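Structural description and commentary
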Amino acid sequence: INESECDVVMVITKVDLVPKQVSLERLEKWVRNRAKAGNLYKPAGVHLVSNQSGMGIQALLANLEKLCGRRGDVWVVGAQNAGKSSLINAMCGHKGGSKARNAPLTAAPLPGTTIGCVELPEVLPSPHRAFDTPGIIQPQQLTTRLFPEELRMVLPRRPLKPRTYRLPAGGTVHIGALARVDVLQSPASTMYLTVWTSSDVVCHFGKMEKAEALYEQHAGKLLQPPTGDAQRLAELGEWVPHEVRAFGESWRYSSQDVTLAGVGWIGVSCVGEARLQVWTYPGVGVTLRDAIVPDMAKEWESPGWSSEVSAKGKTQEKTKGKYGGGKTSNTSRNKGRRKQ
């Protein structure tokens, strides 16, 4: 994008799904830092909005009208599944006063399937024009390869909640059958990993030596998404490893995130350098960044299955025991930290 040819306004959608620990000021600061790190020039505006509640939409519209001047147009451009079409519907609803009457139905029945460029006469006053564009496909995002029912499990519908695990070297966490994170080396006897992803993604905490057998037995069944049999998993390909060296500054908060493109991220809490190995499908982006949410869960998960809502909407109950899962209280966790 040539800075001399247009103004760029950054719109962060779905902020109603952001973890409650994150204030809007903190999120905006993080977004601006990420934009700068990505060599994006100073945006003409940064807006945090919720398509569902309408929060921030009116301020966005006012800024766009100001930037358009007398003859400017607006093009809405963004990645697939970013919520662009839903954003435009919310903008049309605010502008016209009635979503049902004025908003063009640009959102396709399934996320990420808008077809063609669509002119939107209801967004801005004449003579300005606004256009919706198809989502830019991001090949490194795992969501581009998922079936509709699997995609619904990965895209969160409620604010994200953390799942924190205390792992020694040799510990591992399965994130559905989408990825696995192994601790190859910890700067102390244990470290903490905090998983941030949809609550419909089932996780399992165990040992590296049993990880492959667990995947073979439960992938597509208890470990979801993806769903289906061995043929479905074969379509996605065999997992490939990515070694990540993360550096932590505290046991009490995450310093860095390991991101899984299209799935979520894992916060890393330790003091010193940790060596992790991330397994996921070929071509899926695995990157390291400064932590967006330093906070950890108030309780940390015990070995076994975590208790989240499954694809069928039923809660998997935890039971006590070696493989039953469960959570440990703040008191126990703090005792563990003092031993580091």
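Attention here is on the structure that accompanies the text. (Residues numbered from 1 in each chain as written. Predicted model: local features only at pLDDT ≥ 70, side-chain atom pairs only at ≥ 80, totals over all residues. Heavy atoms only, no water.)

Relative to the helices and strands, Arg-166 is located in strand E6 (residues 163–168). Notably, Arg-166 is buried but unbridged: the nearest opposite-charge side chain belongs to Glu-301, and the N-O separation is 14 Å. A distance of 3.1 Å separates a polar atom in the side chain of Arg-166 from a polar atom in the side chain of Thr-190. (Helix = DSSP H or I, 4+ residues; strand = E, 2+ residues; numbered from the N terminus. Buried < 20%, exposed > 50% of the residue type's maximum accessible area, 1.4 Å probe, protein only. Lys, Arg positive; Asp, Glu negative; His and termini not counted. Salt bridge = Lys/Arg side-chain N within 4 Å of Asp/Glu carboxyl O. Polar contact = N/O pair within 3.5 Å; in protein donor to acceptor, adjacent residues only side chain to side chain.)

This part takes up the pairing of strand E2 (residues 45–48). Within a regular beta strand, the side chains point alternately toward one face of the sheet and then the other, so they alternate between its two faces. Across the two faces of E2 the burial is the same, with Gly-45 and His-47 and Val-46 and Leu-48 all buried. Two strands pair when backbone bridges link them, and strand E1 (residues 9–12) and E2 are joined in this way by four bridges, in the parallel orientation. Bridged to Val-9 within E2 is Gly-45. (Pairing = 2+ DSSP bridges.)

Turning to the nonpolar core, a few remarks are in order. By size, the foremost hydrophobic cluster in this structure holds 44 residues, and its most contacted members are Ile-175, Met-191, Leu-193, Leu-260, Val-268, Leu-276 and Tyr-281. The element best represented in this core is strand E13 (residues 264–280), accounting for six residues. When neighbours within four sequence positions are excluded, Ile-175 is seen to be in contact with Val-181, Val-195, Thr-197, Val-201, Val-202, Cys-203, Leu-260, Val-263 and Ile-266. Of all hydrophobic cores here, the second largest spans 17 residues; its members include Leu-60, Leu-64, Ala-90 and Met-91. (Core = buried A, V, L, I, M, F, W, Y, C linked by side-chain atoms within 4.5 Å. Contact = heavy atoms within 4.5 Å.)

A separate point is a nonpolar patch on the surface. On the surface, a nonpolar cluster with roughly 320 Å² of combined accessible area is contributed by Trp-75, Val-77 and Ile-136. By the secondary structure assignment, Val-77 is in the loop between strand E3 (74–76) and helix H3 (84–96). (Patch = residues over 30% accessible without salt bridge, like charges linked within 9 Å, V, L, I, M, F, W, Y side chains within 5 Å. Areas by Shrake-Rupley, 256 points an atom, 1.4 Å probe, with all protein chains shown as cover.)

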